[in-house]
Amino acid sequence: METLPRKRLVTIGITVVIFLILFSFIGRFYTRIDAGHVGLKINMSGSDRGVSDITEVTGFVWYIPWLTKIEEFPTFTQTVDYQSFTVNTNDGASFTVDPTLTYHPNPAEVPQIYRQYRRPLPQLEQTIIRNMVFDAYRLTTNEFKSDSLVGQRARFEAKVEAELRKSLKEDGFIYERLTSAVTPPPSLQAAIDAKNTAVQTAMALRNKIESEKAQAEIAITRATGAARARLINAQAESEANTLKQRTLTPMLIQQQWIEKWDGKLPTTSTGSANLMLGIKP
């Protein structure tokens, strides 16, 4: 009677142990593909293992580790700040470039990206994609002379972006943005600074000359106006005097004299009290 319960306990114990063992290893047989990612279930057996036998998967995925492998590629925006490097213009000047690239993998091209490179995305960023960035700057910089690169910075950056956009698209990546920090060599930078200083000094001097010229013109205009006003006044006064002289006839002068006489005879007599002296104008 006591033998059966013991057998049952042993059976239950064995079952529990097996369950615990399976449960402890269950995590090795499944994974979950997060949102914003493309999962690749890669067959590790057969003649085309790891190359052509690839299946896209999403959500929870069951697999056998020694027969299949799961690679997960993010498809959301990636930003990579690369270490600076130097590139040369066609006249031999070395410019330092410190680029930051923003891009994302094309979800539809993820299987082909893996077939071509068979590397996770972080490794591709520091190898294949970095080489694309470097080549875009290298090839474009070689089309410019040092002074034209500085003077046509917007055109230079547009050509770099066009070259990089093309290279990324060919390999299944979508270009978003590129920030360029391009620094000329110290000798060229010193020459640029000296030129800018000379231009600013010349501009300030030109502005000062223009200001003084304007002030002189204002003074001349004022003086000319005042002189013309004086001339007009003198001409008016001269014309008025001439007109007065023309209108002062002997009869008018005598009439004015009579109007101003107070009725008293002069104290000096010429022999006749009623004598009126003829006065000529």
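Cut-offs applied
All residue numbers here refer to positions counted from 1 along the written sequence of the relevant chain. For a predicted model such as this one, the threshold for reporting local features is a pLDDT of at least 70, and the threshold for listing and counting side-chain atom pairs is 80 or more; totals across whole chains, interfaces and linings nevertheless cover every residue. Note that the side-chain values use all heavy atoms of the structure and ignore hydrogens as well as water. Nonpolar cores were defined as sets of buried Ala, Val, Leu, Ile, Met, Phe, Trp, Tyr and Cys residues, with membership established by side-chain atoms within 4.5 Å. Throughout this description, buried means an accessible area under 20% of the type-specific maximum (1.4 Å probe, protein chains only), exposed means over 50%, and partly exposed covers the range between. Secondary structure elements follow DSSP: runs of H or I no shorter than four residues count as helices, runs of E no shorter than two count as strands, and numbering proceeds from the N terminus. Only the stretch in contact is used when fitting a helix axis, every axis being a line fitted to C-alpha atoms; angles between N-to-C directions are given from 0 to 180 degrees. Geometric relationships in this document are graded by angle, where less than 35 degrees denotes roughly parallel, more than 145 denotes roughly antiparallel, 65 to 115 denotes roughly perpendicular, and other angles denote oblique. Two helices that cross are described as forming a left-handed crossing if the nearer one is turned anticlockwise from the farther one by less than a right angle, and a right-handed crossing if clockwise. Residue contacts follow a heavy-atom distance rule, with two residues in contact if any of their heavy atoms lie within 4.5 Å. A pair of strands is considered paired only if DSSP assigns at least 2 bridges between the two. For this analysis, a salt bridge means a side-chain nitrogen from Lys or Arg found within 4 Å of a carboxyl oxygen belonging to Asp or Glu. Helix span is expected to be 1.5 Å times the residue number reduced by one. By construction, the arc corresponds to the directions joining the helix axis to the C-beta atoms. For Phe, Tyr and Trp, rings pair up if their centres lie within 6.5 Å, where Trp contributes its six-membered ring, and each pair is then called stacked (planes under 30 degrees apart), edge-to-face (over 60) or tilted (otherwise). The pLDDT value expresses, per residue, how confident the predictor is, ranging between 0 and 100.

Asks: Would you explain the nonpolar core in this entry?
Replies: One recurring pattern in soluble globular proteins: nonpolar side chains tend to sit buried together. Leu101, Leu124, Tyr137, Leu164, Leu168 and Phe173 are the most contacted members of the largest nonpolar core, which totals 35 residues. Of all the elements, helix 4 (residues 128-141) adds the most residues to this core, at six residues.

Asks: Is there a simple way to explain the packing of helix 4 against helix 6 (residues 153-170) in this structure?
Replies: Each pair of packed helices can be summarised by the angle the axes make with each other and by the distance between the axes. Put simply, helix 4 and helix 6 touch, their axes get as near as 9 Å, and they point 140 degrees apart. Classed by the angle they form, the pair helix 4 and helix 6 counts as oblique. Regarding helix 4 and helix 6, the two cross each other, and that crossing is right-handed. Contacts between helix 4 and helix 6 involve Ile129, Met132, Val133, Ala136, Tyr137, Leu139, Thr140 and Thr141 on the former and, on the latter, Phe156, Lys159, Val160, Glu163, Leu164, Ser167 and Leu168.

Asks: What's the story with the sheet that holds strand 6 (residues 78-81) in this structure? I'm lost.
Replies: Consider a sheet: its strands pair through backbone hydrogen bonds, and that pairing is either parallel or antiparallel. On the basis of which strands lie adjacent, the open sheet formed by three strands has the order 6-9-10 and antiparallel pairing. The open sheet has two edge strands with one neighbour each: strand 6 and strand 10 (173-179). On average, each strand axis in the sheet is inclined to that of its neighbour by 25 degrees, with strand direction left out of account. This element, helix 6, spans strand 9 (100-105) and strand 10 of the sheet and lies at about 155 degrees to strand 10.

Asks: Whenever I open this one, the pattern of salt bridges confuses me. Can you help?
Replies: It is possible for side chains of opposite charge to pair when their charged atoms get near one another. Summed over all chains, the structure comprises three salt bridges. A salt bridge links Lys159 to Glu143; the shortest N-O distance between them is 3.3 Å. In this pair, Lys159 sits in helix 6 while Glu143 sits in the loop between helix 4 and helix 5 (146-151), placing the two residues 16 residues apart along the sequence. As a salt-bridge pair, Arg153 and Glu157 come within 2.8 Å of each other at their nearest N and O atoms. With Arg153 and Glu157 both in helix 6 and four residues apart, the pair spans about one turn of that helix.

Asks: What's the story with helix 4 in this structure? I'm lost.
Replies: Side chains of residues three or four places apart in an α-helix project in the same direction, reflecting 3.6 residues per turn. Between its first and last C-alpha, helix 4 extends 20 Å over 14 residues, near the 20 Å set by a 1.5 Å rise per residue. Within helix 4, the full set of buried residues consists of Ile128, Ile129, Met132, Val133, Ala136, Tyr137, Thr140 and Thr141.

Asks: How do you make sense of the environment of Asn106 when you look at a structure like this?
Replies: Structurally, Asn106 is set in the loop between strand 9 and helix 2 (110-117). Taking the C-alpha atoms as reference, Asn106 lies 9.4 Å from Asp171; in sequence the two are 65 residues apart. Not counting the four nearest positions on each side in its chain, Asn106 is found in contact with Gly172, Phe173 and Ile174.

Asks: Please explain helix 6 as it appears in this structure.
Replies: Taking 1.5 Å per residue as the helical rise, helix 6 with its 18 residues ought to reach 26 Å, and the 26 Å between its terminal C-alpha atoms agrees with that figure. When helix 6 is considered as a whole, its buried residues turn out to be Phe156, Val160, Leu164, Ser167 and Leu168. Along the axis of helix 6, the buried positions cluster into a sector of 95 degrees, meaning they face one direction only. Of the exposed residues in helix 6, those oriented more than 90 degrees away from the buried face are Ala154, Lys166, Lys169 and Glu170.

Asks: Explanation requested: the packing of aromatic side chains in the structure shown.
Replies: Aromatic ring pairs are described here by two measures, namely the spacing of the ring centres and the angle between the planes. Enumeration over the complete set of coordinates arrives at five aromatic pairs. Aromatic pair Phe85 and Tyr137: ring centres 6.0 Å apart, planes at 70 degrees, arrangement edge-to-face. You can see Phe85 sitting in strand 7 (residues 85-88) and its partner Tyr137 sitting in helix 4, a full 52 residues away along the chain. In this structure Tyr137 comes out as buried when scored by relative accessible area, which is 0%. Relative to Phe156, the ring of Phe144 lies with its centre 5.6 Å away and its plane at 85 degrees, an arrangement referred to as edge-to-face. A residue pair is termed long-range when its members are at least 10 positions apart, and Phe144 in the loop between helix 4 and helix 5 and Phe156 in helix 6 qualify at 12 residues. Residue Phe144 is classed as buried on the basis of its relative accessible area, which comes to 3%.

Asks: Please clarify how the confidence of the model for the protein should be interpreted in this entry.
Replies: A low pLDDT means the predicted coordinates there should not be read in detail. Looking at the protein, pLDDT values average 77 and 63% of them are 70 or higher. Note on residues 272-281: pLDDT is under 50 here. Beyond four places in sequence and across chains, it has 12 contacts.

Asks: Whenever I open this one, the sheet that holds strand 11 (residues 182-183) confuses me. Can you help?
Replies: Taken together, the three strands give an open sheet; going across it, the order is 7-8-11, and neighbouring strands pair in antiparallel fashion. Lying at the two open borders of the sheet, with one neighbouring strand each, are strand 7 and strand 11. Pairing analysis gives four bridges linking strand 7 to strand 8 (residues 94-97), with the strands arranged antiparallel. Looking across to strand 8, one finds that Thr86 is bridged to Thr96.

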